[in-house]
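# Observations on the three-dimensional arrangement
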Amino acid sequence: MLLKELLQKFAYEVLQGSDSIEIAHLQNDSRKVGKNDVFVCVKGAGFDGHDFIEDVCAKKAAAVVVMEDVKAPEGVTIIKTADTRYALACMSADYFGNPAEKLITIGITGTKGKTTTTYMVRSVLESVGIKTGLIGTIETIIGDEVVPAKNTTPESYIVQETFAKMAKAGCKCVVMEVSSQGLMLHRVSGFTFDYGIFTNIEPDHIGPNEHKDFDDYLNCKSMLLKLCRHGIVNMDADFIDRILEGHTCDIETYGVNGDYDFKAKDIHLFTKPGCLCVSYNLTGKKNFPVEIHVPGTFSVYNSLCAIAICSHFTDDIEKIQKALLNVKVKGRVEIIPISKRFTIMIDYAHNAMSLESLLTSLKQYHPKRLVTIFGCGGNRSRDRRFEMGEVSSRLSDFTIVTSDNPRFEDPMDIINDIIVGVNKADGAYVIVPDRKDAIRYSILHAQDGDVIILAGKGHEDYQEIKGVKYPMDERVLIHEIIEEDEVKAVL
């Protein structure tokens, strides 16, 4: 194809050569560049594509796209533009034949609820015969192909390549998590979402290589409502007026505390054997009862959001109800049924905000005790350790402090930081550094009616120690533990 066919969606200037040359492939990874390719120089947190121009030219690249003044051998075309990340997104869309136009695209952003809601939506749509792809924190699903995720929202080239694969596989729809980083770094530029969804916002992802402050984080989250045709928003969310400011789409609403298009009334939290549940009556544009076997009031919001989206695709109330009843998401309040005496669950809550939300919701079920097992990641903010320790000590009846991903830190240094936070409240606690031992301890000492939460790892199936990821899946650990004679006696 001609280079200029990939340059139609953004402003640029030709500093050297011609935009009418033939190019073989589009690349943003210098290691993959081959003869007659065009290389887009993208800047990342720890690298700068401009530093590899000499390398790609030696590999006979035909052109480079830059945002700085550079030198390249005569015969190599140099295209300059204001933002190479935006350019990459636009070029990727054209390179793969604009696959988003062959799909119905649903993007979900928010601090919490993205992962669960994407699975709820996919479950409903698949149940009514709409083949639906998924891109998210846990995995990418393309028909029968499942690919573990590296980022919540992949680089724009990968997004467009995935869309193309989905269209080829016969998908009619795609639902994807859209992170604030994904919006800020133009990973979802180059096309318009059919549906853009906002769930909620709380301070998160603020710091080096992320967002400089909450205002920047909020502004990035609000971008989705300028990149979609139809917006669906949680009107109970904090800062909703600012999220809606300047939106360019039509808006549909959901929530609990107002007169919205989709509203939950008569919310009821209850338990079944091995299950913490919630039910409510849906009113507004649709009217029917809903029951979900995922605990907490946050599940009400996630399901309301899913219903609001799926109502544009189906009127089959029975299938919506059944899909929501049966949906389960790996590592998101995932109950592992091992005993009728107590409940044990795995959740990805890995910061104070998500842990507080989870524990507050679970306390509403009035468990005998709320027991929380968690650690914190190494080479990350120490503040997170203090904060999570305080939250667990304040809201849990008993805390078991253990190891998470220590990375390049000594696990006990991390644990000692957590204990500083634990001691800010008055909750009872114990230190069990090995995570498997910590899980075993919780089961051996479980009381009838306990709810035990394994927080922080969620869907992860590894533990990172000194740069190596060792296999460690909490589901596997639990099933190994319950085969031990000592443990069998207490189940």
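Residues numbered from 1 in each chain as written. Predicted model: local features only at pLDDT ≥ 70, side-chain atom pairs only at ≥ 80, totals over all residues. Heavy atoms only, no water.

### Re the overall build of the chain
Let me state the cut-off plainly: A run of H or I in DSSP becomes a helix once it reaches four residues, and a run of E becomes a strand once it reaches two; helices and strands are each numbered from the N terminus. Within these notes, the globule rule equals 2.2 Å times the number of residues to the 0.38 power, and the radius of gyration is based on C-alpha atoms. The buried label goes to any residue with under 20% of its type's maximum accessible area, the exposed label to any with over 50%, and the partly exposed label to all in between, with areas taken from a 1.4 Å probe on protein chains only. Two residues form a contact once any of their heavy atoms are found within 4.5 Å. Under the convention used here, Asp and Glu are negative, Lys and Arg are positive, and both His and the chain ends fall outside the count. Taken as the charge centre is NZ of Lys, CZ of Arg, CG of Asp or CD of Glu, depending on the residue.
In terms of regular secondary structure, the chain is built from 15 helices and 24 strands. Relative to the compact-globule value of 23 Å for 491 residues, the chain shows a C-alpha radius of gyration of 24 Å, a close match. Taken over the C-alpha atoms alone, the chain extends approximately 75 × 55 × 40 Å along its principal axes. Residues counted as buried form 57% of the 491 residues belonging to the chain. A sequence separation of at least 24 residues applies to 65% of the contacts in the chain between residues at least 6 apart. Looking at the chain, you have 56 positive and 70 negative side-chain charges, and the mean spots of the two groups are 3 Å apart.

### Some remarks on the nonpolar core
To keep it simple, the criterion reads: What we call a nonpolar core is a set of buried Ala, Val, Leu, Ile, Met, Phe, Trp, Tyr and Cys residues that are connected through their side-chain atoms within 4.5 Å.
In terms of nonpolar packing, the biggest core is built from 67 residues, with Ile106, Tyr280, Leu304, Ile307, Ile309 and Ile453 touching the most fellow members. Ranked by residues supplied to this core, first place goes to helix 8 (residues 297–310) with 8 residues. Discounting residues that sit within four places of it in the chain, Ile106 has contacts with Val121, Leu125, Cys173, Val174, Val175, Met176, Phe193, Tyr195, Ile197, Ile309 and Phe313. In this structure, Val178, Leu218, Ile243 and Cys249 belong to the second largest nonpolar core, which totals 29 residues.

### Some words on the sheet that holds strand 22 (residues 451–455)
Note the cut-off: Pairing between strands requires that DSSP locate at least two bridges from one strand to the other.
As summarised here, the arrangement of the 6 strands in space is 17-18-22-19-20-21, forming an open sheet in which the pairing is mixed. Whereas interior strands pair on both sides, the edge strands pair on one side only; in this sheet they are strand 17 (334–335) and strand 21 (428–431). Looking at chain direction, strand 20 (residues 398–401) and strand 21 are connected through 4 bridges and run parallel. Bridge pairing in strand 21 links Ile400 to Val430.

### With respect to helix 3 (residues 114–127)
Each full turn of the α-helix corresponds to 3.6 residues, which orients residues three or four apart in the same direction. Here is the rule: What a helix is expected to span follows from its residue count: subtract one and scale by 1.5 Å.
The end-to-end C-alpha distance of helix 3 is 20 Å, a good match for the 20 Å that 14 residues give at a rise of 1.5 Å each. Extensive coverage of helix 3 is indicated by the burial of 11 of its 14 residues. Of all the positions in helix 3, only Lys114, Thr115, Thr116, Thr117, Thr118, Tyr119, Met120, Val121, Arg122, Val124 and Leu125 are classed as buried. Looking one or two residues past helix 3, Gly129 carries a phi angle of roughly 85°, positive in sign.

### Structural notes on the pairing of strand 20
For clarity, the threshold we go by: Crossover handedness is defined here as right-handed if the route from the first strand over the helix to the second strand goes clockwise, with the strands pointing away from the viewer.
Burial along strand 20 is two-sided: Phe398 and Ile400 facing one way and Thr399 and Val401 facing the other are all buried. A crossover links strand 19 (residues 370–374) with its parallel partner strand 20, the connecting element being helix 11 (residues 382–395), and its sense is right-handed. For the handedness criterion, the β-α-β arrangement of strand 20, helix 12 (residues 411–422) and strand 21 is classed as right-handed.

### What to know about the environment of Pro295
One can find Pro295 in the loop between strand 16 (288–292) and helix 8. Note: C-alpha distance between Pro295 and Met345 (50 residues apart in sequence) is 11 Å. Dropping the residues within four chain positions of it, Pro295 is found in contact with Leu276, Val333, Met345, Leu362 and Tyr365.

### Some points on the sheet that holds strand 7 (residues 132–135)
Cut-off, in case you're wondering: In this description, a line fitted to the C-alpha atoms serves as the axis of each element, helices being fitted only across the stretch in contact, and the angle between N-to-C directions of two axes falls anywhere from 0 to 180 degrees.
The mixed open sheet is built from 11 strands, whose spatial order is 9-8-7-10-6-11-12-13-14-15-16. Each edge of the sheet is formed by a strand with only one pairing partner; in this case those strands are strand 9 (145–148) and strand 16. Put simply, the sheet's adjacent strands are angled 20° from each other on average, direction ignored. Across the sheet, helix 3 touches strand 6 (104–109), strand 7, strand 8 (139–142), strand 10 (173–177) and strand 16, and the angle it forms with strand 10 is around 165°. Along the sheet, helix 8 contacts strand 6, strand 11 (193–198), strand 12 (228–234), strand 13 (250–255), strand 14 (262–272), strand 15 (275–284) and strand 16; its crossing angle with strand 15, the most-contacted strand, is approximately 45°.

### Some thoughts on the packing of aromatic side chains
Put simply, the rule is: When the centres of two rings from Phe, Tyr and Trp lie within 6.5 Å, Trp using its six-membered ring, the rings pair. Their planes under 30 degrees apart give stacked, over 60 give edge-to-face, and anything left gives tilted. By the criterion adopted, a ring carries a charge over it if an Arg CZ or a Lys NZ lies within 6 Å of its centre and within 35 degrees of its normal.
Counted under the stated rule, the structure contains 10 aromatic pairs. Seen in terms of ring centroids, Phe214 and Phe239 are 5.0 Å apart; in terms of plane orientation they differ by 55°. Their pairing is tilted. Here Phe214 is found in helix 6 (residues 214–222), whereas its partner Phe239 is found in the loop between strand 12 and helix 7 (240–244), with 25 residues between them in sequence. By relative accessible area, which is 18% here, Phe214 ends up buried. For Phe239, a relative accessible area of 41% translates into the label partly exposed. An aromatic cluster is present here, built from Tyr95, Phe96 and Tyr157 joined pairwise through their rings. Here the guanidinium or amino end of Lys457 rests over the ring plane of Tyr462, the centre of that ring lying 5.0 Å away.

### Observations concerning the packing of helix 11 against helix 12
The line we're drawing: Just so you know how the angles are binned, under 35 degrees is roughly parallel, over 145 roughly antiparallel, 65 to 115 roughly perpendicular, and the rest oblique. Note on convention: the crossing is left-handed when the near helix lies turned anticlockwise from the far helix by less than a right angle, right-handed when the turn is clockwise. Note on residue classes: Ala, Val, Leu, Ile, Met, Phe, Trp, Tyr, Cys and Pro are nonpolar, Asp, Glu, Lys and Arg are charged, and everything else, Gly too, is polar.
In the contact formed by helix 11 and helix 12, the axes pass within 6 Å of each other and the chain directions differ by 50°. Classed by the angle they form, the pair helix 11 and helix 12 counts as oblique. In this structure, the crossing between helix 11 and helix 12 has a hand that is right-handed. Every residue of helix 12 that contacts helix 11 at Arg382, Arg385, Phe386, Gly389, Glu390 and Ser393 is listed here: Ile414, Asp417, Ile418, Val420, Gly421 and Val422. Within the contact of helix 11 with helix 12, the residues separate by chemical class into 5 nonpolar, 3 polar and 4 charged.

### Some thoughts on the environment of Glu480
Condition: N or O atoms within 3.5 Å of each other form a polar contact, as long as, within protein, one can give a hydrogen and the other can take it, and as long as residues adjacent in sequence are counted only when both atoms are side-chain atoms.
Among the structural elements, Glu480 can be located in helix 14 (residues 474–481). Accessibility expressed as a relative area gives 37% for Glu480, which makes it partly exposed. C-alpha of Glu480 to C-alpha of Lys436: the two residues are 44 residues apart in sequence and 9.4 Å apart in space. A distance of 2.7 Å separates the side chain of Glu480 from the side chain of Lys436, its partner in a polar contact.

### What about the packing of helix 13 (residues 435–444) against helix 14?
Following both chains from N to C, one finds helix 13 and helix 14 inclined at 55°, their axes separated by 10 Å at the closest point. When the interaxial angle is binned, helix 13 and helix 14 end up oblique. Note on packing geometry: the crossing formed by helix 13 with helix 14 is right-handed. From helix 13, Arg435, Lys436, Ile439, Arg440 and Ile443 reach across to helix 14, where they touch Glu474, Leu477, Ile478, Glu480 and Ile481. By residue class, the composition of the contact of helix 13 with helix 14 is 5 nonpolar, no polar and 5 charged.

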